[in-house]
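Observations on the three-dimensional arrangement
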Amino acid sequence: MSYDFNRRSFVKAAGITGIAGLAGCLGGEGDGNTLSWDAGGTGGTYYPLSGNFKDILEDNTDYSLQVKSTGASVENVSSLNREEADFALIQNDIAYFATNGTGIEELQGEGMDNIRGVATLYPETIHVITQADSGIESVEDLDGAAINTGAPGSGTQVNALQILETAGITEDDFEEQNADFDTAADQIRDGDIDAAFVVGGWPVGSIEDLATSNDISLVEISGDLREDIRSEAEWFADDTVPAGTYNGVDADVETVSVQAMIATHDGVEDDVVETVTAAIFDNTDDLNYKTDFISADSAQEGMPIDLHPGAEAYFG
């Protein structure tokens, strides 16, 4: 006779530490295992949120996380594909591109068929930052500007180039610079660039820091341009940076967003993925970042790729 049971209920009933301790019997890697987790730049949301996940996992399971600062989505998905990382935070559009081998030059060709989804987390808002007195009031005003489009190979760079192209601004029409969020903020502060794209869940730390010492402006992505962006790329959604999110930004700013998500690869044991997933989503009250968005109820909204069986067992 066989019995069906709800593994999510089982994990909750047995306790996270208990199920982690069973990992050796169930095919996992056992007590004291260190899992590698690729995050993003220290000035964005990925890195501190990953540190939050690390604390939750180490408080509730026998696993530990080694969190790595990286160039974010494109770099991270490539690390997963090479199985150099066990988990990573990536954008949902980059996950789709990677698994389908399409979308952007770095991912063109044969799809990364070993990438698996775990959960979607929160909107990653497209911020276009400039100095308040720059005279730049629309994306179209960036024609001829010096723009930091994000770290090389990052999801931010991908999104920036997509948005600029939709606005009719090609790579020949502006001076592109590439650096992480902290460097971009320094460049805005020093007047070395006219604008910077930053993609992250608001408030983004590097922008908060910049706004405390400099008068900044966020450029709206709205109207016909926003409609065109969404029609050309279905992974974008309407979003708004609320008034007061950053010092001196006193009105709502319309823009677009993608989704942040946790991804893994099919070489990670099912029970390891289930234990990590359960630890995070059974303890969302312990999160310090994006607390209004991250929940088990919404964790499959906007999921663009196949779930890992371990995550499916938890959410199923």
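Note that the structure is predicted; figures quoted are calculated from it, not measured.

On to the overall build of the protein chain. Across its full length, the protein chain carries twelve helices and ten strands. Per-residue burial for the protein chain yields a buried fraction of 54% across its 316 residues. Long-range pairs, those at least 24 residues apart, make up 77% of the contacts in the protein chain between residues at least 6 apart in sequence. As displayed, the protein chain has an accessible area near 13300 Å², and 39% of this comes from carbon and sulfur atoms.

The general pattern is negative phi for most residues beyond glycine and trans for most peptide bonds. That bond from Trp202 to Pro203 is cis: its omega, -5°, falls within 30 degrees of zero. Mapped onto the elements of the fold, Pro203 is located in the loop between β7 (195-200) and α9 (205-213). Backbone geometry places Ala72, a non-glycine residue, at a positive phi of 80°. Relative to the helices and strands, Ala72 is located in the loop between β2 (64-68) and α5 (73-81). With a relative accessible area of 15%, Ala72 lands in the buried category.

With that out of the way, let us pick up the pattern of salt bridges. Once the charged atoms of two side chains with opposite charge are near each other, the side chains can pair. One pass over the structure, following the stated rule, counts seven salt bridges. Across the pair Glu254 and Arg226 runs a salt bridge, and its minimum N-O distance is 3.2 Å. Here Arg226 lies in helix α10 (residues 223-232) and Glu254 lies in strand β10 (residues 253-265), a separation of 28 residues in the sequence. By relative accessible area, which is 32% here, Glu254 ends up partly exposed.

Moving on: helix α11 (residues 270-281). Compared with the 16 Å implied by 1.5 Å per residue over twelve residues, the 16 Å span of α11 between its first and last C-alpha is a close match. The buried count for α11 comes to eleven of twelve residues, which makes it a mostly enclosed element. Taken as a whole, α11 has its buried residues at Asp271, Val272, Val273, Glu274, Thr275, Val276, Thr277, Ala278, Ala279, Ile280 and Phe281.

The residue Trp202 is located in the loop between β7 and α9 in this model. Along the primary structure Trp202 and Thr245 are separated by 43 residues, whereas in three dimensions their C-alpha atoms are 7.3 Å apart. Not counting chain neighbours up to four residues away, the residues in contact with Trp202 comprise Thr125, His127, Asp239, Thr240, Val241, Pro242, Thr245, Tyr246, Lys290 and Phe293.

Summary: where empty space remains is shown by rolling a probe the size of a single water molecule over the atoms. In this structure, the largest pocket occupies an estimated 340 Å³ of space. If you go around the largest pocket, you meet 14 residues; those closest to its centre are Val158, Leu161, Gln162, Glu165 and Glu171. Residues belonging to the lining of the largest pocket are distributed by class as follows: six nonpolar, four polar and four charged. Considering only enclosed or pocket space, the second largest pocket measures out at about 220 Å³ in volume. Lining the second largest pocket we find 15 residues, and of these Gly201, Trp202, Pro203, Tyr289 and Lys290 sit closest to its centre. Residue composition of the lining of the second largest pocket, grouped by class: six nonpolar, six polar and three charged.

To continue, consider the packing of helix α6 (residues 92-100) against helix α7 (residues 155-166). Put simply, α6 and α7 touch, their axes get as near as 10 Å, and they point 95° apart. With respect to α7, the element α6 is oriented roughly perpendicular. In this structure, α6 uses Asp93, Ile94 and Phe97 to contact α7, whose residues at the interface are Gly155, Val158, Asn159 and Gln162. By residue class, the composition of the contact of α6 with α7 is three nonpolar, three polar and one charged.

The next subject is the packing of aromatic side chains. With the rule as written, the count across this model stands at nine aromatic pairs. Consider the rings of Phe281 and Phe315, whose centres lie 5.4 Å apart with planes at 70°: the pair is edge-to-face. One end of the pair, Phe281, is in helix α11; the other, Phe315, is in helix α12 (residues 309-315), and 34 residues separate them in sequence. Owing to a relative accessible area of 17%, Phe315 belongs among the buried residues under this scheme. Their ring planes at 80° and their centres at 5.0 Å tell us that Tyr314 and Phe315 sit as a pair that is edge-to-face. Joined through ring pairs, the aromatic side chains of Tyr96, Phe97, Trp235 and Phe236 make up one cluster. Sitting over the ring of Trp202, Lys290 keeps its end group 4.7 Å from the ring centre.

Let's shift gears to empty space enclosed by the protein. Scanning all chains against the criterion turns up two cavities of 30 Å³ or more. Taken as a whole, the largest cavity holds about 210 Å³ of empty space. In this structure, the largest cavity is lined by 22 residues; those nearest its centre are Gly40, Gly41, Ala72, Thr156 and Phe181. Mapped onto the lining of the largest cavity, the elements with two or more residues apiece are α7, α8 (181-190) and β7. Its residues placed into classes, the lining of the largest cavity shows five nonpolar, 14 polar and three charged. Volume-wise, the second largest cavity comes out at about 30 Å³. Surrounding the second largest cavity, Ile126, His127, Val128, Leu218, Val219, Val241, Val253 and Thr255 form its lining. Among the elements of the structure, β4 (115-131) and β10 are those that each provide at least two residues to the lining of the second largest cavity. It is β4 that contributes the most residues to the lining of the second largest cavity, three residues altogether.

So, how was this worked out
Residues numbered from 1 in each chain as written. Predicted model: local features only at pLDDT ≥ 70, side-chain atom pairs only at ≥ 80, totals over all residues. Heavy atoms only, no water. Helix = DSSP H or I, 4+ residues; strand = E, 2+ residues; numbered from the N terminus. Buried < 20%, exposed > 50% of the residue type's maximum accessible area, 1.4 Å probe, protein only. Contact = heavy atoms within 4.5 Å. Areas by Shrake-Rupley, 256 points an atom, 1.4 Å probe, with all protein chains shown as cover. Salt bridge = Lys/Arg side-chain N within 4 Å of Asp/Glu carboxyl O. Expected span 1.5 Å × (residues − 1). 1 Å grid on protein atoms, 1.4 Å probe; cavity = no way out; pocket = protein on both sides within 12 Å on 5 of 7 lines; lining within 4 Å. Points joined across faces, edges and corners; volume = space filled by probe spheres on them. Nonpolar A, V, L, I, M, F, W, Y, C, P; charged D, E, K, R; others polar. Axes fitted to C-alpha atoms, helices over the stretch in contact; angles between N-to-C directions. Parallel < 35°, antiparallel > 145°, perpendicular 65-115°, else oblique. Phe/Tyr/Trp six-rings, centres within 6.5 Å; stacked < 30°, edge-to-face > 60°. Lys NZ or Arg CZ within 6 Å of the ring centre and 35° of its normal.

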